[in-house]
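Breakdown of the fold
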Number of protein chains: 2
Amino acid sequence: MTEKLDGAKIKLTLAYDGSDFHGWQVQKGGDITVQSTLQEAIFKVCGKNLPVTGCSRTDAGVHANEFVCHTDMINIPCEKLPIALNTHLPRSVAVKSAQMVPFDFHARYSCIGKEYIYKILNSKIRDPFLCGRVMQYPRPIDVDALCAIAPAFCGKKDFCAFMAQGSKIVDTVRTVKYCEIFREGDMVTLRIAADGFLYNMVRIIAGTFILAAEKGFSAGDIKDIIASHERCRAGATAPACGLYLNKVFY
Amino acid sequence: MTEKLDGAKIKLTLAYDGSDFHGWQVQKGGDITVQSTLQEAIFKVCGKNLPVTGCSRTDAGVHANEFVCHTDMINIPCEKLPIALNTHLPRSVAVKSAQMVPFDFHARYSCIGKEYIYKILNSKIRDPFLCGRVMQYPRPIDVDALCAIAPAFCGKKDFCAFMAQGSKIVDTVRTVKYCEIFREGDMVTLRIAADGFLYNMVRIIAGTFILAAEKGFSAGDIKDIIASHERCRAGATAPACGLYLNKVFY
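Because the structure is predicted, anything quoted here is derived from the model rather than measured. (Residues numbered from 1 in each chain as written. Chains lettered and ligands numbered in written order. Predicted model: local features only at pLDDT ≥ 70, side-chain atom pairs only at ≥ 80, totals over all residues. Heavy atoms only, no water.)

Turning our eyes to something else, we now look at the nonpolar core. Core analysis: the biggest nonpolar cluster contains 76 residues, and B:Leu12, B:Leu14, B:Leu38, B:Phe162 and B:Phe209 have the highest contact counts within it. In terms of residue count, the dominant contributor to this core is helix H4 (residues 201-215) of chain B (nine residues). When neighbours within four sequence positions are excluded, B:Leu12 is seen to be in contact with B:Leu38, B:Ile42, B:Phe67, B:Val68, B:Cys69, B:Leu81, B:Leu85, B:Val95, B:Ser97 and B:Ala98. Listed in part, the 74 residues of the second largest apolar core include A:Phe21, A:Ala41, A:Ala150 and A:Ile225. (Core = buried A, V, L, I, M, F, W, Y, C linked by side-chain atoms within 4.5 Å. Buried < 20%, exposed > 50% of the residue type's maximum accessible area, 1.4 Å probe, protein only. Helix = DSSP H or I, 4+ residues; strand = E, 2+ residues; numbered from the N terminus. Contact = heavy atoms within 4.5 Å.)

So, in structure tokens, the structure goes:
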């Protein structure tokens, strides 16, 4: 049974390590997802089956430093809700904040943009504290050269070359607001924000940066790949474990 | 069978997430330890049972950013050894480097000091990426006040008030080279180096910093606790999961 109180919703901001989950979205097979896990915790806290609606689907193994969802009013003060829910959540998920929002707020449809980061550990030797949380890449990456191609991804463009094949989306135009890549020690981080992303778009862009590092692509090469509209010209889909939903804009 | 080639040993530098291990040292009950895991990997790589000797024991759940051990010569070039061993190690352990050292090198007895860090997540809300890797402490910590007491731990002193009860060590004098505490966002880190540490010494010192934050201790209070030689006057033993062996000095 779903309780609906007119006038307000609760916006929950989460963080989660996606390693243990089959993504965000409830699965028919009953696989453990973040959504199903959160709904169970809400039931334990307020005794009601309240569905939660997420800002996006994330794939299995993808992490979130910030993920927003909404649900109907819960009869518990917002300031107490994070700790109440966290008590019933596994340690791989945390509700970071809860906030009352107007009833017309929708985690997915009110969202005007998202920022993802993709983490590449550029080292031959793995880091025991980062396994499952980065893509490891052993060969040298010239990040200065990649900085020069990053702006080529920015702007309003048709990104169909950077969409998983088989995706049924028709409108493949998205506006990338910023795209940057930087190094801190062995960690190379790609940060990209857009009004929306196609399926696997960030992972394919990350794979294209890896390809660019290997082939020595110029900004012109990236523009050519975008203009080609051909998936096969972009890089491989980088592993899910390096991807983090980092910010959600409303 | 142990192979011994005169003239050289191999010094291995590891990092490991201690969550999955019953500490470093091989256990009689056959619990999984870092040492047993590494010895199995060495056997798989070179086909010989070569014992490894660690720079110290670490307790169950304690981590290492840098842990040094030695073993006898292995018939594989040092530069290839880390990747060869890592192939056979679980992802919670990594051999970061291997180096040929003179035969009189001993991971434990040649060590002239160690640096530990203790990580305290000062937040009411847990971090899914840091669970099992920090102590979480929800109440505010005035790190500036703690900075003022940190120097009271420095110098050559009898630290028996900071040793686990039941320990059989007789000489409880140690020289703390530096002791500092600092904040980066929600993370409060204690960093301490000494010529050696008593059993649980860093965890008890960390617990004493927590107690100092709660009670408002001065540097004089810390000096009194040290001078009292009474374990009961120091703080509780902070959890293993916040502790990292960080550097080993030779």
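In screw terms, the move from chain B to chain A is a rotation of 180° and a rise of 0.0 Å along the axis, fitting with an RMSD of 0.0 Å. When the rotation and shift are considered jointly, the pair of chain copies conforms to a two-fold rotation axis. Identified as the residue of chain B closest to the rotation axis by C-alpha distance is B:Phe129, at 4.7 Å. (Least-squares fit on C-alpha atoms with pLDDT ≥ 70 in both.)

Residue and element names in this part refer to chain A. Mapped onto the elements of the fold, His-106 is located in the loop between strand S4 (93-102) and strand S5 (113-121). The class of His-106 is buried, set by a relative accessible area of 19%. Setting aside residues no more than four positions away along its own chain, His-106 makes contact with Lys-9, Thr-53, His-70, Cys-111 and Tyr-250.

Reports often express the size of an interface as the amount of accessible area lost when the parts come together. Taken together, the contact between chain B and chain A spans 26 residues of the former and 26 residues of the latter. Contact between chain B and chain A buries roughly 1,900 Å² in total, counting both sides, with carbon and sulfur atoms accounting for 62%. Together, B:Arg91, B:Arg126 and B:Phe129 form the three largest contributors to the area buried by chain B at its contact with chain A, with a combined 38%. On inspection of chain B and its partner chain A, the count reaches zero salt bridges. (Buried area = accessible area lost by both parts, 1.4 Å probe. Salt bridge = Lys/Arg side-chain N within 4 Å of Asp/Glu carboxyl O.)

A word on the packing of aromatic side chains. According to the stated counting rule, one finds 17 aromatic pairs over all chains in the structure shown. Between A:Phe129 and B:Tyr244 the ring centres are 5.6 Å apart and the planes differ by 45°, which places this aromatic pair in the tilted class. Note that A:Phe129 is positioned in the loop between S5 and strand S6 (135-136) and B:Tyr244 in strand S10 (residues 243-249), a pairing that runs across two chains. Classification of B:Tyr244 as buried rests on a relative accessible area of 3%. Between the aromatic rings of B:Tyr16 and B:Phe67, the centroid separation amounts to 5.6 Å while the plane-to-plane angle is 55°, which identifies the pairing as tilted. Of this pair, B:Tyr16 sits in strand S1 (residues 9-16) while B:Phe67 sits in strand S3 (residues 63-72); the two residues are 51 residues apart in sequence, bridging distant segments of the chain. B:Phe67 shares its class with B:Tyr16; the two are buried. Taken together through their ring pairs, the aromatic side chains of A:Tyr16, A:Phe21, A:Trp24 and A:Phe67 make up a single cluster. (Phe/Tyr/Trp six-rings, centres within 6.5 Å; stacked < 30°, edge-to-face > 60°.)

Quick look at the domain arrangement of chain A now. Residue and element names in this part refer to chain A. Structurally, chain A comprises domain 1 (9-101) and domain 2 (113-249). For domain 1 and domain 2, the distance between their C-alpha centres works out to 27 Å. Facing 14 residues of domain 1, the contacting portion of domain 2 comprises 16 residues. At the boundary of domain 1 with domain 2, total buried surface from both sides reaches about 1,200 Å², with 47% on carbon and sulfur atoms. Contact with domain 2 buries area across many residues of domain 1, yet His-63, Asn-65 and Glu-66 alone supply 44% of it, more than any other trio. Linking domain 1 with domain 2 are two salt bridges, by the criterion used here. Note that Asp-59 and Arg-203 form a salt bridge whose closest N and O atoms lie 3.5 Å from each other. The interface formed by domain 1 and domain 2 contains eleven residue pairs in polar contact (both at pLDDT 80 or more). Looking at the side of domain 1 that touches domain 2 residue by residue, the class counts come to six nonpolar, five polar and three charged. (Domains from an automatic or database assignment. Polar contact = N/O pair within 3.5 Å; in protein donor to acceptor, adjacent residues only side chain to side chain. Nonpolar A, V, L, I, M, F, W, Y, C, P; charged D, E, K, R; others polar.)

All names here are of chain B. Topologically, Asp-142 is positioned in the loop between strand S6 (135-136) and helix H3 (143-149). Taking the C-alpha atoms as reference, Asp-142 lies 6.6 Å from Ala-213; in sequence the two are 71 residues apart. A polar atom in the side chain of Asp-142 sits 3.2 Å from the backbone nitrogen of Asp-144. A polar contact is formed between the side chain of Asp-142 and the backbone nitrogen of Ala-145, at a distance of 3.1 Å.

To continue, consider the side chain of A:Asn122. Residues and elements named next belong to chain A. Among the secondary structure elements, Asn-122 is positioned in the loop between S5 and S6. Residue classification places Asn-122 among the buried positions, given a relative accessible area of 10%. A polar contact of 2.8 Å, which involves the side chain of Asn-122, links it to the side chain of Arg-183. Residues in contact with Asn-122, not counting those within four places in the same chain, are Tyr-137, Pro-138, Arg-139, Pro-140, Ile-141, Arg-183, Asp-186 and Val-188.

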